[in-house]
Amino acid sequence: MQVLVIALASFFGILYLWVIRSFDIYEKEPFFRLLLTAITGGSLAIIISLILYEFVTVRQTFTDAIIKVGLIEESSKFLALLLLYKLIRKDFDEIVDGIIYITAISLGFSIIENIKYASGAHYSIYILTVRSVISVLGHISFSGYIGIAFYIHKKIRKNYAGILLAICLASLAHGLYDGVLFQKELTAYFKLVFWGLLFFQVWLLKTVLGFSDFRRTLSKSVFHETDEKIFCYCCRCNKTFISNEYRFWKIKAGFCDSCNNFTVDAGNLINLIKYSRPVLNAKRYVKRLSGTMKNIALDKADKILFNYNRGFMSADINDLSDWLNESNKQDKIRMLNKPVVGFLLRNLGLKYIMKKPDC
Ligand SMILES: [Zn+2]
């Protein structure tokens, strides 16, 4: 039975690691290195936390969940990242990497913890299975803040206040999760806390992608021509046409045979925005363009045209590229100016990045 639980925990661990890595769209971390980080970092964090637990007694209450369990386990993960830093330094080159590596450590931590529970044999296979699936997912949604603050500390400028804030936020998230489980009268809120934290972690991953230096500037040369044909509508020439298909990342596009405008349908416009303006909710943005039969311009200079009725966007690729770059900058400024999340993101250290001239 223990072997089964260990196999299950490992399977879900690798699956989750794969999913997290899929968010790292510009410069993917080597999978093997992430796996190694999960194993060594997770073990280190477990050892550190076991040592720290020697000095405190934890009661099963909400406050202890935050100030003891949360603080001890999240500080342990941070220390593990700090100790491992020399090994990953070479690949640690954009903010999203901070989240990805601390998440790998959290994943290792949680899996080893589950294996420890399984070998204790006090729990039913049902509980252990649920733990393998749910608690691992919970664990990886606590620590992203630490990764952001630590990246800025190492690569931009000293950021002790940011790291302190990050550990507090991670401890709070961790404590909230454990707290609703510890206190029976709060268990009804578990789903809310679980999905809330997970949603926020995914949002955090997407948001920091907007700050990456590895995003490629759009131009005809980043696209490669395939052997396929693609049906297009040019909003400028107001006509349908069949173009050779051009691909880049998940974007499939065509070029108008009359005006040479770059043309994508609504689905590929979503992919284009996901790549170029990751801070923005691409689906919601494209959905909001509805309601007109005629062309609307997405930019102030009326160069980027969208026809909702046809479901296509057309623009000169260089104009489009300039607009996407500028919009990404504006998205980031808007995000950092938001009341609560903006305040937190700024003080985790993102305010130092926005001061760099090319951001
Ligand atoms: Zn055209």
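Preceding block: the structure.
So, here's what we can say about the structure. (Residues numbered from 1 in each chain as written. Predicted model: local features only at pLDDT ≥ 70, side-chain atom pairs only at ≥ 80, totals over all residues. Heavy atoms only, no water.)

1. Considering empty space enclosed by the protein
Then comes step 1: For the structure on display, the rule yields two cavities of 30 Å³ or more.
Then comes step 2: Empty space within the second largest cavity amounts to approximately 50 Å³.
Then comes step 3: What lines the second largest cavity is Arg-215, Arg-216, Thr-217, Leu-218, Ser-276, Ser-321, Leu-324 and Asn-325.
Then comes step 4: The biggest single contributor to the lining of the second largest cavity is helix α11 (residues 317-336), with three residues.
Then comes step 5: Split by residue class, the lining of the second largest cavity holds two nonpolar, four polar and two charged. (1 Å grid on protein atoms, 1.4 Å probe; cavity = no way out; pocket = protein on both sides within 12 Å on 5 of 7 lines; lining within 4 Å. Points joined across faces, edges and corners; volume = space filled by probe spheres on them. Helix = DSSP H or I, 4+ residues; strand = E, 2+ residues; numbered from the N terminus. Nonpolar A, V, L, I, M, F, W, Y, C, P; charged D, E, K, R; others polar.)

2. A word on the pairing of strand β7 (residues 312-315)
Then comes step 1: By the alternation rule, side chains of β7 split into Phe-312 and Ser-314 and Met-313 and Ala-315, which are all buried.
Then comes step 2: By the bridge criterion, four bridges tie strand β4 (residues 262-265) to β7 in an arrangement that is antiparallel. Across the sheet, Asp-265 pairs through a bridge with Phe-312, a residue of β7.
Then comes step 3: Pairing of strand β6 (residues 305-307) with β7, which is carried by three bridges, proceeds in the antiparallel orientation. Residue pairing in the sheet places Asn-307 in a bridge with Phe-312 of β7.
Then comes step 4: The antiparallel pairing of β6 with β7 creates a hairpin that spans four residues between the two strands, and Gly-311 there sits at a positive phi of about 75°. (Buried < 20%, exposed > 50% of the residue type's maximum accessible area, 1.4 Å probe, protein only. Pairing = 2+ DSSP bridges.)

3. Considerations on the packing of helix α2 (residues 31-53) against helix α4 (residues 95-120)
Then comes step 1: α4 packs onto α2 with a crossing angle of 60° between their chain directions and a minimal axis gap of 7 Å. When the interaxial angle is binned, α2 and α4 end up oblique. Considering the relative orientation of α2 and α4, their crossing is right-handed. Between α2 and α4, the residues in contact are Arg-33, Leu-34, Thr-37, Ala-38, Ile-39, Gly-41, Gly-42, Ser-43, Ala-45, Ile-46, Ser-49 and Leu-50 and Ile-100, Tyr-101, Ala-104, Ile-105, Gly-108, Phe-109, Ile-112, Glu-113 and Lys-116, respectively.
Then comes step 2: Along the lines of polarity and charge, the residues of the contact of α2 with α4 split into twelve nonpolar, six polar and three charged. (Axes fitted to C-alpha atoms, helices over the stretch in contact; angles between N-to-C directions. Parallel < 35°, antiparallel > 145°, perpendicular 65-115°, else oblique. Left-handed = near helix turned anticlockwise from the far one by under 90°. Contact = heavy atoms within 4.5 Å.)

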